Amino acid sequence: MRGAAHGRGGVSVSERLLQVRDLRVTYPGRAGWGRSGHANPALAGVDLDVESGGSVGIVGESGCGKSTLARAILGLVAPQSGSIAWRGVPVPRGDGSALRRLRREAQIVFQDPFGSLDPRMTLADSVAEALVALEGPTPRARVVARVAASLAEVGLDPSLASRYPHEVSGGQCQRAAIARATIARPGLLVCDEAVSALDVSVQAQIVNLLADLSRRHGMALVFISHNLAVVRHLCDEVVVLYCGRVVERGPREAIFASPRHPYTRALLDAVPAPDPVVARRSSAVPAALDASVRPAPGGCDYRPRCPRAGPECAARIPALATTGTGHAVACHHPLSTAG
Ligand SMILES: Nc1ncnc2c1ncn2[C@@H]1O[C@H](COP(=O)(O)OP(=O)(O)O)[C@@H](O)[C@H]1O
Ligand SMILES: [Mg+2]
């Protein structure tokens, strides 16, 4: 959301935490989509704004660049071009000390809870290690107290503190990973499919935990998920990525009530309906979401799948244009506001 003062507790534009502009990432050796000898970027010029304490959901199919965006925000992958600024201060590319400061500012939780903890360390030791790495040498008693408080905050029973990752459930392990990521009070927590590998009932608990931590500490969330229902529950703002570009973004209400991009519409239509008759009707993958249909060179990447595509869609890449307060769409033939 951008523009006038808004959001939880009236967060204003001057409190912008993260500003990403025209971010471009190309992996070396990545095959193109038919443009011979020309690697297509994983991110082709992405803008992203996150306000202090705000929550942004990033959605889009596998391979659209969500994890690349997450990694670029954290300085884990180097962009070819574009800029990233934290609290208005640009992060110079390749600057080690700026990146270390950033590591305290932003943390990440990944999909696989077991993969993100050292299997040879107890849960408490993993959390303690993160604290010392981020805050430097800390008196032992202080570390013990902080770790205990952090484990309690994420809902882990003290009896689990001395367990190893393989001795706890996926949900408990993910809670420990969240404790590790949040113990030094980052301004931003990036969750890259952080609940996707968990049982549905556990997913809901972890989502509630994230919302609670965000509210309690004014911690912003960038929540990457293919689960739109979860994004709707958790995020103030939604960004839709397709082939490394933002095709639509806006306040949650605008995106869910009146999506303008045909791809967003197709994603929303594919959310399983509570009504079994409707669910059965929509069980086949619609052409608009068929990932085997690859983008054609030039023009709008989405047009080979798009029911609304016309000649101009092959001629020009549509620019992201404002369509309502904080709502923007990149489409030559957007849906009307009524949907
Ligand atoms: N380390 C890598 N090397 C080469 N290509 C990669 C690498 N990581 C991701 N990609 C490619 O970049 C694109 C975006 O990937 P990714 O950011 O992982 O998407 P998502 O998280 O949305 O599934 C994909 O086409 C993927 O194959
Ligand atoms: Mg990913």
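Residues numbered from 1 in each chain as written. Chains lettered and ligands numbered in written order. Predicted model: local features only at pLDDT ≥ 70, side-chain atom pairs only at ≥ 80, totals over all residues. Heavy atoms only, no water.

1. Considering the overall build of the protein chain
The helix and strand inventory of the protein chain stands at 11 helices and 12 strands. Taken across its 339 residues, the protein chain has 50% of its residues classed as buried. Restricting the contact set of the protein chain to residue pairs at least 6 apart, pairs at least 24 apart contribute 66%. (Helix = DSSP H or I, 4+ residues; strand = E, 2+ residues; numbered from the N terminus. Buried < 20%, exposed > 50% of the residue type's maximum accessible area, 1.4 Å probe, protein only. Contact = heavy atoms within 4.5 Å.)

2. With respect to unusual backbone geometry
Trans peptide bonds make up the majority, and among non-glycine residues the majority have a negative phi. The backbone of Asp22 sits at a positive phi, close to 50 degrees, despite the residue not being glycine. Relative to the helices and strands, Asp22 is located in strand E1 (residues 16–25). A relative accessible area of 43% places Asp22 in the partly exposed class. In the Ramachandran plot, Arg87 falls in the positive-phi region, its phi being about 45 degrees despite a non-glycine side chain. Position of Arg87 among the secondary structure elements: in the loop between strand E4 (81–86) and strand E5 (89–90).

3. Topic: helix H6 (residues 200–217)
Taking 1.5 Å per residue, 18 residues should reach 26 Å; H6 reaches 26 Å between its end C-alpha atoms and fits that length. Along H6, the positions that sit buried rather than exposed are Val202, Gln203, Ile206, Val207, Leu209, Leu210, Ala211, Leu213 and Ser214. In this fold, the buried residues of H6 make contact with helix H4 (140–153), helix H5 (170–182), strand E7 (188–192), strand E8 (220–224) and helix H7 (228–234). Phi for Gly218, located one or two positions after H6, is positive at around 60 degrees. (Expected span 1.5 Å × (residues − 1).)

4. Regarding the packing of aromatic side chains
A ring pair, where both rings are aromatic, is described by two values, the distance of the centres and the angle of the planes. For the structure shown, the criterion picks out three aromatic pairs. Centre to centre, the rings of Tyr242 and Tyr302 are 5.1 Å apart; their planes meet at 85 degrees, and the pair counts as edge-to-face. With Tyr242 in strand E9 (residues 237–242) and Tyr302 in the loop between helix H10 (276–281) and helix H11 (311–315), the pair connects residues that are 60 residues apart, well separated along the chain. The class of Tyr302 is buried, set by a relative accessible area of 1%. In textbook terms, an aromatic cluster arises when at least three aromatic residues are bridged by ring pairs, as seen for Tyr242, Tyr263 and Tyr302. (Phe/Tyr/Trp six-rings, centres within 6.5 Å; stacked < 30°, edge-to-face > 60°.)

5. Section: the sheet that holds E5
What the four strands build is an open sheet, ordered E2-E1-E4-E5; its pairing is antiparallel. Two strands lie at the open edges of the sheet, namely strand E2 (43–51) and E5, each paired on one side alone. Of the pairings in the sheet, the one linking E1 to E2 comprises seven bridges and is antiparallel in character. Its bridge partner lying in E2, Arg16 is registered against Glu51. Docked against the sheet, helix H1 (residues 66–73) engages E1, E2 and E4, running at close to 120 degrees with respect to E1. (Pairing = 2+ DSSP bridges. Axes fitted to C-alpha atoms, helices over the stretch in contact; angles between N-to-C directions.)

6. Describing the confidence of the model for the protein chain
For the protein chain, the average pLDDT comes to 88, and 88% of its residues sit at 70 or higher. Note that pLDDT drops below 50 for residues 1–14; the model gives that stretch 24 contacts with residues more than four away or on any other chain. Taken together, the stretch residues 33–38 has pLDDT below 50 and engages in seven contacts with residues farther than four places along the chain or on a different chain. (pLDDT = per-residue confidence, 0-100.)

7. Considerations on the sheet that holds E7
Taken together, eight strands build an open sheet; the order of strands is E6-E7-E8-E3-E9-E10-E12-E11 and the sheet is mixed. The sheet is open, and its two borders are formed by strand E6 (106–109) and strand E11 (321–324), each paired with just one other strand. Looking at each pair of strands side by side, their axes are set apart by 20 degrees on average, direction ignored. Note: E7 against E8, five bridges, orientation parallel. Paired with Leu189 across the bridge in E8 is Leu221. Together, strand E3 (55–59), E6, E7, E8 and E9 form the strand contacts of H1, whose direction differs from that of E7 by roughly 155 degrees. Along the sheet, helix H9 (residues 262–269) makes contact with E3, E9 and strand E10 (245–251), crossing E9 at roughly 110 degrees.

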